[in-house]
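Coordinate inspection notes
Residue strings, one per chain:
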Amino acid sequence: MELTLAIAIGVLSASGVYLLLRPRTFQVIIGLSLVSYAVNLFILSMGRLRMDAAPILSGADANIADYADPVPQALVLTAIVIGFAMTALFLVVLLAARGLSGSDHVDGKGD
Amino acid sequence: MAIDSSLRTGPLPSIPTDFALPLLCILPFLASVFVLAAPGEKYRGAAWVTAVVAAILSLLSLALFPSIANGEVLISRIEWIPQLGLNLTLRLDGLAWLFAVLITCIGFLVVLYARYYMSPKDPIARFHALLLAFMGAMLGLVMSGNIIQLAIFWELTSLVSFLLIGYWYHRGDARDGARMALIITGTGGLALFVSMLIIGRIVGSYELDDVLASGSLIVESPLYPVALILFLLGAFTKSAQFPFQFWLPNAMTAPTPVSAYLHSATMVKAGVFILTRFWPVMHDHQLWFWIVTYTGLATLIFGAYTALFQRDLKGLLAYSTISHLGLITTLLGMGTPLAAVAAIFHIANHATFKASLFMAVGIIDHETGTRDVRKLSGLRKYMPFTATLAIIASAAMAGVPLLNGFLSKEMFFTETAEFDPNVFVNLSLPIGATLAGMLSVAYSIKFVHGVFFGPPPTELEKVPHEPPALMRRPIEILVLICLAVGIIPGITIGPYLAAAVRSVLGAETPYYSLSVWHGFNLPLIMSIIAMVGGAVIYVPYYRRLLNVDGVPLTRGLVGQRVFERLLVTATNRWARHLVGAFGTQRLQPQIFVVIFLALAAGIAAGWTRMGNLPLPDSFDPVLGLVWLLGGISAVAAAQQAKFHRLASMILMGGAGLATCLTFAWFSAPDLALTQLLAEIATTVLILLGLRWLPKRSPVPEGTPLVARLRRYRDVSLAGLVGLATALASYAIMTRSAPEGISDFFLANAYKEGGGTNVVNVMLVDFRGFDTMGEITVLGVVALTVFGLLRRFRPASDSAERPEQQRVLDDYAPGSGDNVADDFLRIPALIMNWMFPVVVVVAIYMLMRGHDLPGGGFIAGIIMSLAFILQYLAGGTRWVEERLRILPLLWIGWGLLLALLTGLGAMVLGAPFLTSAFAYADIPLIGKVPMATALIFDLGVFALVVGATVLMLIALAHQSIRRPKVAGSNKPKQRVGADKWN
């Protein structure tokens, strides 16, 4: 289980990093998304993997050891939203850059 | 006169220290901001505000004298980080008081003077605001009771001085002078800061009281030489001591009131102030004696000598100021208590006569249009009052008896004439002092004779006359003080000087006499030699002095040239070499280096801590299958991203879906929901953007070798990164979790936050501030996107309508615009009808968020998807004709609502964003949790809706604009009421 997720994180980050290093803006934007998947999963895994742990409290007297770790979840939730905003901003910047420079190269030069 | 503390100003009501000191320091800054906010930068009322504030400050500082007259120290402390010894400490003793009075009173006079000096065309509000800010910085400096705070205010005075020198920034010489002053004094300030840190380290406290009470601790420390050199660098650069003196004459490009105030009376005194301040704990060392005394003496002679050859009157006064600062430095270097008394006395005297001289030169400049001593002469007949005042002030500068300059100069001569066992010292000091005295008499005569006597001027453009009487008033006051102090020193300055001296010397305070006549002794002989010698230098050579070009003998001694060459080399040549050697403008190598370094750092940190990795103990085939597909999608997305964007995006969605399933799998339903929705919104966004990217198809002849090699290199780096992250996450996941803060949240989410969905309670309550910041980011991003797209210019090859639409149009005209309506009518109808349903789902998600998976973010994205569905179904035009969506309002209200909820808690006395909760019984629906966090979440919801919709429709709208292609200059064709334009 842990191994599966670790490999998944590795594959996602490898694909993402490869794309970050590519010359086309569209490749970079896909790469950023893949990297953020990897990072989000990585953060979640910091709370250790637990299947079937209740995420919702069932009452004030419950045993807290039975529940899923909320801290990584809250962090990842923020990260997802910020990641969405970042993708949107980057997308528009790359469109504007493409319009201005006529090229979709990350340096705005070449074809 | 002996120290006499019986002279009291009467029983004034004492002013509370904790009110008076902060007021002294803060009021100028407040007034500065107030003046800056004035309507229009030429607002004349600024002068009045400044004058009133300066008057209040003057009176306040004068009124504080009784509280410090007997050696008391007033302290007002505002604690900031007491653990680190960082406090705002304001401390007023005799010396600080003397400076405070000089700063406020001369400041007041300068403001009055500037009222007439400055032209109505100048941006007067800025001038006064800066003057006030300078006053505050300088008062903060002299009243600093904490030595770090002192260094901060020190830099602040440099900064404001920079802005004031560059006040007429349209002039190149003003900009150059300002920059030079800033670099020199700013660098000195940094050195001073470091020395303050060292001194604080030696003493073990940054409080000035502790430093001054440390006795010989600093001098005996092995760090003393380092601390001293850095300290002196700060003091010497500020007080324009040789070889850093050259910035001061260049700073004369400032308006004359500024020169009078900053560059003669106050700011340049900061250097000697700090020498005096730390004199008790630092002077008792050979290094101090040699460096300070002889730097001072060199400056004294060099300044006086150079002043003699100046043609510009302000240049003459500038070099004279340098020389007098050298005199004070020499006195402080000598290390005897009496010399320190003389230094403090001369600080006050020099400020009065030099400020009045600067103002007189300002009047001459104002009335004749020139400051060139060669063009001026015989002005005595045209402006007799000004001439008289300037002559008296120059006499004080030359050290003529019955004027204040004479007294302190006599004390200086007395000290230099003291016997010293070292022959060199015993000879160099008195001879140097007398020589400098002669030179200063000569340049004073040059000033007076050259400007006021002789034949009427012939090269002037206008006939000079007296300035307005009020413009002369400040000079009259200052000259009166020169006379009063010179004739009856014991009554006029005695008690004030005594307080200042005692605050520095404490128990070491010597007996000193302020009387004018000390009998016929060696100092008097030195004075007579200086007077006669000065006349002897000047009278035979005055014509040649006027016409000599530059300064003979010391032409080669140009610190300025060294400075300028260094500046050019460092900021231009070296910078260019460094950029050439290490910089690139290409993004890819930069990212490569960043990732490579991050990887290297990660490996270096994790290598030894990896430990033995346990073998996997369980394997879940379903999760394995999910990630088999997810992994293939990710790799394929990477591979397809160049030539098949749509495919790549779909594959990326596959990886995203696998991530989403994983979240759900590992007990994180909120994350799964958010991820799914964000995924949808991202996909729609990118789909909308794809149209504006260029077409790209594989080149048939294959990739060149270089590109292939680069690709292999990147694949290896990416593979290593993947391996490293996989290993790291595996290593972490297989060991047990440390004690975290999660238990706190689990235990208290219900009790204190009133919700059972711990993640949501954290977001809107415990960590609400985070969320607040996050939604602000989201709002800012949306506005940026909106702003960028308003001026969007597509590249020429994507400006046309897309091929698919053209094909449809050819088939049936007009159908290209609205594909959904023509070809997907039933799905479009369903999407239309979905609108209320989706809205209800959004509201449901919002309401239940506190107790069940959901919340503002999720609800917000769902709500915006409701709008997007309408766009998909009806087309951009159709929706914009029917739905009035005001995303900017949504963003604004959302942010406001969230902020108000937080502030509401503060109003009720709880920390920002504390939530309150209760359960309300609503008929039919039942018990509904009513937490204020819900209102906060409502704000989040509104903002997310606004931001997402704004981004999506701003992008969607591009397709119906008649785009203006980048680079073309055709006038914009407006299509209808195009609010997105």
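These numbers come from a predicted model, not from an experiment. (Residues numbered from 1 in each chain as written. Chains lettered and ligands numbered in written order. Predicted model: local features only at pLDDT ≥ 70, side-chain atom pairs only at ≥ 80, totals over all residues. Heavy atoms only, no water.)

Moving on: the overall build of chain B. Along its length, chain B carries 38 helices and four strands. The buried share of chain B, reckoned over its 981 residues, is 53%. Residue pairs at least 24 apart in sequence account for 79% of intrachain contacts in chain B once pairs closer than 6 positions are excluded. Accessible area of chain B: about 42,700 Å², with a carbon and sulfur share of 68%. (Helix = DSSP H or I, 4+ residues; strand = E, 2+ residues; numbered from the N terminus. Buried < 20%, exposed > 50% of the residue type's maximum accessible area, 1.4 Å probe, protein only. Contact = heavy atoms within 4.5 Å. Areas by Shrake-Rupley, 256 points an atom, 1.4 Å probe, with all protein chains shown as cover.)

To continue, consider the environment of Gly107 of chain B. Residues and elements named next belong to chain B. Mapped onto the elements, Gly107 comes out in helix α4 (residues 94–117). Taking relative accessible area as the criterion, Gly107 reaches 1% and is therefore assigned buried. With 57 residues separating them in the primary sequence, Gly107 and Thr50 have C-alpha atoms 9.4 Å apart. In this view, Gly107 contacts Leu102, Met135 and Tyr261; residues no more than four positions away in its chain are not counted.

As a further point, take the packing of aromatic side chains. All names here are of chain B. Within this structure, the stated rule accounts for 25 aromatic pairs over all chains. On the basis of an interplanar angle of 50° and a centroid distance of 5.6 Å, the ring pair of Phe246 and Phe563 is categorised as tilted. Of this pair, Phe246 sits in the loop between α10 (224–238) and α11 (247–250) while Phe563 sits in helix α24 (residues 559–582), placing them 317 residues apart in sequence. Exposure class is identical for Phe246 and Phe563. Each is buried. Their ring planes at 85° and their centres at 6.4 Å tell us that Phe447 and Phe452 sit as a pair that is edge-to-face. (Phe/Tyr/Trp six-rings, centres within 6.5 Å; stacked < 30°, edge-to-face > 60°.)

This part covers the pattern of salt bridges. This model, assessed by the stated rule, comprises 17 salt bridges over all chains. Taking the shortest distance from any N to any O, the salt bridge between Asp104 of chain A and Arg24 of chain A comes out at 3.1 Å. Pair noted here: Asp104 of chain A is in the segment after α3 (70–101) and Arg24 of chain A is in the loop between α1 (2–20) and α2 (25–46), with a separation of 80 residues, a long-range link. With a relative accessible area of 9%, Arg24 of chain A lands in the buried category. Of the charged contacts in the structure, one is a salt bridge between Asp104 of chain A and Arg645 of chain B, with a shortest N-O distance of 3.4 Å. Of the two residues, Asp104 of chain A sits in the segment after α3 while Arg645 of chain B sits in helix α27 (residues 645–665), which places them in two different chains. Note on accessibility: Asp104 of chain A and Arg645 of chain B belong to one class, buried. Here the residues in one salt-bridge network are Arg91, Asp93, Asp209 and Arg277 of chain B, joined through shared partners. (Salt bridge = Lys/Arg side-chain N within 4 Å of Asp/Glu carboxyl O.)

Residues and elements named next belong to chain B. Taking 1.5 Å per residue as the helical rise, helix α15 (residues 313–334) with its 22 residues ought to reach 32 Å, and the 32 Å between its terminal C-alpha atoms agrees with that figure. α15 sits mainly inside the fold: 22 of its 22 residues count as buried. The residue sitting at the N-terminus of α15 and contributing the capping side-chain oxygen is Asp312; that oxygen lies 3.0 Å from the backbone nitrogen of Lys314. Gly335 occupies a position one or two residues after α15 and carries a positive phi of about 85°. (Expected span 1.5 Å × (residues − 1). Polar contact = N/O pair within 3.5 Å; in protein donor to acceptor, adjacent residues only side chain to side chain.)

On the chain A side, the residues contacting the 109 residues of chain B number 80 residues. When chain B packs against chain A, the two sides together hide about 8,200 Å² of surface, and 77% of this comes from carbon and sulfur. As a salt-bridge pair, Asp714 of chain B and Arg22 of chain A come within 2.9 Å of each other at their nearest N and O atoms. Summed over the shared surface of chain B and chain A, the result is 11 residue pairs in polar contact (both at pLDDT 80 or more). With 15 residues, the single largest contributor to the side of chain B that touches chain A is helix α29 (residues 705–733) of chain B. In terms of residue class, the side of chain B that touches chain A is made up of 66 nonpolar, 27 polar and 16 charged. (Buried area = accessible area lost by both parts, 1.4 Å probe. Nonpolar A, V, L, I, M, F, W, Y, C, P; charged D, E, K, R; others polar.)

A separate point is empty space enclosed by the protein. Empty space among the atoms can be located by rolling a probe the size of a water molecule over them. Residue and element names in this part refer to chain B. Scanning all chains against the criterion turns up six cavities of 30 Å³ or more. Of the voids in this model, the largest cavity is the one considered here, and its volume is about 110 Å³. Considering the residues around the largest cavity, the lining is formed by 17 residues, among which His324, Leu327, Lys409, Gly437 and Ser440 are closest to the centre. Those elements that place two or more of their residues in the lining of the largest cavity are α15, α17 (384–398), α18 (404–417) and α19 (423–452). (1 Å grid on protein atoms, 1.4 Å probe; cavity = no way out; pocket = protein on both sides within 12 Å on 5 of 7 lines; lining within 4 Å. Points joined across faces, edges and corners; volume = space filled by probe spheres on them.)

It is worth spelling out the layout of surface pockets at this point. Residues and elements named next belong to chain B. By volume, the second largest pocket amounts to about 800 Å³. Around the second largest pocket, the lining comprises 27 residues; the ones closest to its centre are Lys642, Phe643, Thr703, Ala707 and Arg711. If you list the elements that add at least two residues to the lining of the second largest pocket, you get α26 (621–640) and α29. Among the elements that make up the lining of the second largest pocket, the one with the highest residue count is α29 (five residues). Looking at the lining of the second largest pocket residue by residue, the class counts come to 10 nonpolar, nine polar and eight charged.

A few words now on helix α38 (residues 932–957) of chain B. The terminal C-alpha atoms of α38 of chain B, which comprises 26 residues, lie 37 Å apart, in line with the 38 Å expected from a rise of 1.5 Å per residue. Among the 26 residues of α38 of chain B, 23 are classified as buried, and the element is accordingly described as predominantly covered.

Below, the discussion takes up the nonpolar core. The nonpolar side chains of soluble globular proteins are, as a tendency, buried together. Residues and elements named next belong to chain B. Ranked by size, the top nonpolar core spans 205 residues in total, and within it Ile199, Phe231, Trp247, Phe278 and Met282 carry the most contacts. In terms of residues, this core owes the most to one element, helix α16 (residues 337–368), which gives 19 residues. For Ile199, the residues in contact, after removing those within four places along its chain, are Ile147, Val211, Ile218, Ala227, Phe278 and Met282. Membership of the second largest hydrophobic core comes to 127 residues, among which are Met762, Met772, Phe792 and Phe857. (Core = buried A, V, L, I, M, F, W, Y, C linked by side-chain atoms within 4.5 Å.)

A separate point is the packing of α18 of chain B against helix α23 (residues 522–547) of chain B. Residues and elements named next belong to chain B. The N-to-C vectors of α18 and α23 enclose an angle of 115°; their axes lie 8 Å apart at closest approach. In the crossing of α18 with α23, the sense of the turn from one axis to the other is right-handed. For the pair α18 and α23, contact is made by Phe406, Lys409, Glu410, Phe413, Thr414, Thr416 and Ala417 and by Leu522, Pro523, Leu524, Met526, Ser527 and Met531, respectively. For the contact of α18 with α23, a count of residues per class yields eight nonpolar, three polar and two charged. (Axes fitted to C-alpha atoms, helices over the stretch in contact; angles between N-to-C directions. Left-handed = near helix turned anticlockwise from the far one by under 90°.)

Here we come to the confidence of the model for chain B. Residues and elements named next belong to chain B. Model confidence for chain B is summarised by a mean pLDDT of 86, while 92% of its residues fall at 70 or above. Of all the helices and strands in chain B, strand β4 (residues 926–931) carries the lowest mean pLDDT, 63, while α10 carries the highest, 95. Segment residues 1–12: pLDDT under 50, and 21 contacts once partners within four positions in sequence are set aside and those in other chains are kept. The low-confidence segment residues 970–981, where pLDDT is below 50, has 19 contacts with residues more than four positions distant or belonging to other chains. (pLDDT = per-residue confidence, 0-100.)

Moving on: the environment of Met531 of chain B. Residues and elements named next belong to chain B. In this structure, Met531 sits in helix α23. Judged by its relative accessible area of 24%, Met531 is partly exposed. Taking the C-alpha atoms as reference points, Met531 and Val400, 131 residues apart in sequence, are found 8.2 Å from one another. Not counting residues up to four positions away in its chain, the partners in contact with Met531 are Ala398, Gly399, Val400, Pro401, Lys409 and Val441.

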